[in-house]
Amino acid sequence: MWLLFHHNLQSIMKRNHDDSFLKIEAVKVVEREVRFDSHYLKRLFPNINWETLVYASKTLGYHELAEETPDASFLDSEDFLKKFHHALFELRLQEGAMVCAQRDRRFRIEAGRVKVEMTTVTCINCGFEMLPSDDASASKRK
C-alpha cells in the first residue's frame, strides 16, 4: 500500500472529524523504485498534508522528511523532491494494518493490499466506508 493511499483516506477523515486519525501498524515494508517526475511532485505538493505524510513515513521507518511543513521554495531542491517522492511512491506497506483510532477498527494489509470482505461496515466516527477484514465478519456470512 502506498502512503499516498493512506494520505487520501486520512484526508477524507479530517474533512469529517478533525480529531480522527488513521494509524498505521507496519509489519513488513518494501521499497520499489518508481520513475521520478519532478513536475508531478510539484503539482501534488500543495494537496499533501505534511503532518500526515511525516507520521506515515516514520511509521514505515523513513525519517528523512523534515517535521516542519516546507514552503514552496523547497520545490526547487531536487534533494527535497527525491525524499518527497521516495516517501509517497517508493515506500510500500506490504504487511500490517490501518487502524481507525476512533473505533479501534483494524483493516489488515496483506501483500500490499487492504484486505476486504463482502460485507460493508461503516466506520461512522471516521467518516469513510470500508469493508471489514476481521475473521468474525467472514464467519457471519457462512
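Residues numbered from 1 in each chain as written. Predicted model: local features only at pLDDT ≥ 70, side-chain atom pairs only at ≥ 80, totals over all residues. Heavy atoms only, no water.

Q: For the side chain of histidine 85, give the residues involved together with the corresponding values.
A: Mapped onto the elements of the fold, histidine 85 is located in helix α4 (residues 78-90). Look at histidine 85 and you get buried, because its relative accessible area is 4%. Of the polar contacts made by the side chain of histidine 85, one reaches the backbone oxygen of valine 34; its length is 3.0 Å. For histidine 85, the contacting residues outside a window of four places in its chain are Val34, Arg35, Phe36, Leu41 and Glu90. (Helix = DSSP H or I, 4+ residues; strand = E, 2+ residues; numbered from the N terminus. Buried < 20%, exposed > 50% of the residue type's maximum accessible area, 1.4 Å probe, protein only. Polar contact = N/O pair within 3.5 Å; in protein donor to acceptor, adjacent residues only side chain to side chain. Contact = heavy atoms within 4.5 Å.)

Q: Pulling in residues and values, what's your account of the packing of aromatic side chains?
A: Throughout the structure, instances matching the rule amount to eight aromatic pairs. Taken together, a centroid distance of 6.0 Å and an interplanar angle of 45° make the contact between tyrosine 40 and phenylalanine 89 tilted. Note that tyrosine 40 is positioned in helix α2 (residues 38-44) and phenylalanine 89 in helix α4, a separation of 49 residues in sequence. Between phenylalanine 74 and phenylalanine 80 the ring centres are 5.5 Å apart and the planes differ by 65°, which places this aromatic pair in the edge-to-face class. What links up through ring pairs into an aromatic cluster is the set Phe45, Trp50, Phe74, Phe80 and Phe84. It is lysine 82 that lies over the ring of phenylalanine 36; its NZ or CZ is 5.7 Å from the centre. (Phe/Tyr/Trp six-rings, centres within 6.5 Å; stacked < 30°, edge-to-face > 60°. Lys NZ or Arg CZ within 6 Å of the ring centre and 35° of its normal.)

Q: Quick one: what's the story with the nonpolar core, residue by residue and with numbers?
A: Trp50, Leu53, Leu65, Phe80, Phe84 and Leu88 are the most contacted members of the largest nonpolar core, which totals 26 residues. Breaking this core down by element, the ones donating at least two residues are β1 (22-31), α2, α3 (50-59), α4, β2 (91-100) and β3 (105-110). For this core, the leading source of residues is α4, giving six residues. Those residues in contact with leucine 65 that lie beyond four places of it in its chain are Trp50, Leu53, Val54, Ser57, Lys83, Phe84 and Ala87. (Core = buried A, V, L, I, M, F, W, Y, C linked by side-chain atoms within 4.5 Å.)

Q: How would you summarise the environment of phenylalanine 74 if you had to cite specific residues and measurements?
A: Mapped onto the fold, phenylalanine 74 is located in the loop between α3 and α4. For phenylalanine 74, a relative accessible area of 37% corresponds to the partly exposed category. In the structure, phenylalanine 74 is positioned 32 residues away from lysine 42 in sequence and 9.8 Å away in space, judged by C-alpha atoms.

Q: So what's going on with the packing of α3 against α4? Which residues, and what values?
A: In contact at an axis separation of 10 Å, α3 and α4 are set at 65° when each is read in the N-to-C sense. Between α3 and α4, the angle is such that the two are roughly perpendicular. As for the relative orientation of α3 and α4, their crossing is left-handed in sense. Contact with α3, carried on its side by Trp50, Leu53 and Ser57, involves Phe80, Phe84, Ala87 and Leu88 of α4 and no other residues of that element. (Axes fitted to C-alpha atoms, helices over the stretch in contact; angles between N-to-C directions. Parallel < 35°, antiparallel > 145°, perpendicular 65-115°, else oblique. Left-handed = near helix turned anticlockwise from the far one by under 90°.)

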